[in-house]
Amino acid sequence: MKHRGVLIAGNWKMNHGPAETERFFSALAAQFPGGRVPSIEGLQACILPPALSLQAALIHGAQVGVQIGAQNVHWEKSGAFTGEISSPMLKDAGATWVILGHSERRQLFGETDEGVARKVTAAIAAGLRPIACVGETLEEREVGMTLEVVERQVRAVLAPLAKQPGFGAIAYEPIWAIGTGKVASPADAQEVHAMIRGLLEGQSEELAEATRILYGGSVKGDNAEGLLSQDDIDGALVGGASLDAAGFSKIAAAAEKLATMAAAAAGLAERAEQG
Ligand code: PEP
C-alpha cells in the first residue's frame, strides 16, 4: 500500500442540489456490502459538492464513510466579500477538504498562482485540508511546456504546504483531459507526478514523503487501476464519474483492490523477513 494512503475525491462542480445529494449517498451505500465505502487502512473517499449541498452531504456522507469538502474558499476569514465563503466557516460546518485553484477557477474566474497560494495558506490555518490543483492546457502541452507550467504552479504553493507536511494534497489535472474523455496515459501522468514529487523534495524530504499527489482528468472505473498503480499517483480527483454512485464506487473499488493487494504483499514480505 502507498504509505501516504490513497485519496479518491469527487468534484461535483455545479451539480447536485441537496435532494440529489441525498439520493447519491443512498445509491452509493447500495454499491458496497455493509453500506459503507471500504475502510481499508489508508484509503479515503471524499466528495466535494456545491456549498449549498454541503450539509446534506455531511449528514449522508458520514453514514457511508465518505469525507466531505468544498470547491473554493476566500482567503480572508470574514468581511465584506459578497458571495464568498471562508475557510473557518467551512471548517465549522464540518468540511474536511477544499479544492483550490481548479483550472475552471483559473480559466473562468481569473484565479492566479498568488491567489491560490493565499487560499492554501488560509485553508491550512483554519484546519481545512487543501487540494491544490495544477495542470497545463493543450497548447502548452503541444509546445512542450507541460513541466514548466506545472512547476510554476506547484512552486507557488510549496511554502504553505510545507507548514504542515501531508495535511494538504496536490492534484495534477491536465486541462485537456478534464471532462473530455481524453485521459493522460499512466506513464505521461507519472512523469509529471514524479517531477512534482521532486519539487516537494526540494522543499523538504518530509513534505515529499507525506504529500498525496492526485491525478485528475477523465478518470473512470476502467482506467483508474492503471493510473493508481503508478508510483507517484496517490489518488484521483474525479469530476464527471463522481456524479453517479456507480461510477464513483468503481473508482473506489479499484483503489481498494490495489490497497488490498499491496497490504497482502507487505504482509508476505514481513513474514519472509521474520524468517
Ligand atoms: C475535474 O473537474 O476535476 C475533473 C477531473 O473532471 P473529469 O473527471 O470529468 O475530467
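Structure first, text after, so check above.
## Some thoughts on the site of the ligand
At step 1: Taken together, 14 residues lie around the ligand, and Lys13, Glu173, Gly179, Ser218 and Gly239 are the ones closest in.
At step 2: The separation between an oxygen atom of the ligand and a polar side-chain atom of Glu173 is 2.7 Å.
At step 3: At 2.6 Å from an oxygen atom of the ligand is found a main-chain nitrogen or oxygen belonging to Gly179.
At step 4: With the chains in place, 96% of the 290 Å² that the ligand exposes on its own is no longer accessible.

## What to know about the pairing of strand β5 (residues 129-134)
At step 1: Counting buried positions over the six residues of β5 gives six, a clear majority of the element.
At step 2: Here strand β4 (residues 97-100) runs beside β5; their pairing, made up of four bridges, is parallel. Its bridge partner lying in β5, Trp97 is registered against Arg129.
At step 3: Pairing between β5 and strand β6 (residues 169-172): four bridges, direction parallel. Opposite Val134, over in β6, you have Tyr172 as the bridge partner.

## Observations regarding the side chain of Ser242
At step 1: One can find Ser242 in the loop between β8 (235-238) and α11 (245-274).
At step 2: Residue classification places Ser242 among the buried positions, given a relative accessible area of 0%.
At step 3: Residues within four places of Ser242 in sequence aside, it is in contact with Gly10, Asn11, Trp12, Phe24, Ile47 and Phe248.

## Regarding unusual backbone geometry
At step 1: Non-glycine residue Lys13 carries a positive phi angle of around 55 degrees.
At step 2: Examined against the element boundaries, Lys13 turns out to sit in the loop between β1 (6-11) and α1 (18-31).
At step 3: Since its relative accessible area comes to 23%, Lys13 is described here as partly exposed.
At step 4: Unlike most non-glycine residues, His16 shows phi in positive territory, near 70 degrees.
At step 5: Along the chain, His16 falls in the loop between β1 and α1.
At step 6: Looking at His16, the relative accessible area reads 18%, which means it is buried.

About the thresholds
Residues numbered from 1 in each chain as written. Predicted model: local features only at pLDDT ≥ 70, side-chain atom pairs only at ≥ 80, totals over all residues. Heavy atoms only, no water. Near = heavy atom within 4 Å. Polar contact = N/O pair within 3.5 Å; in protein donor to acceptor, adjacent residues only side chain to side chain. Areas by Shrake-Rupley, 256 points an atom, 1.4 Å probe, with all protein chains shown as cover. Buried < 20%, exposed > 50% of the residue type's maximum accessible area, 1.4 Å probe, protein only. Helix = DSSP H or I, 4+ residues; strand = E, 2+ residues; numbered from the N terminus. Pairing = 2+ DSSP bridges. Contact = heavy atoms within 4.5 Å.

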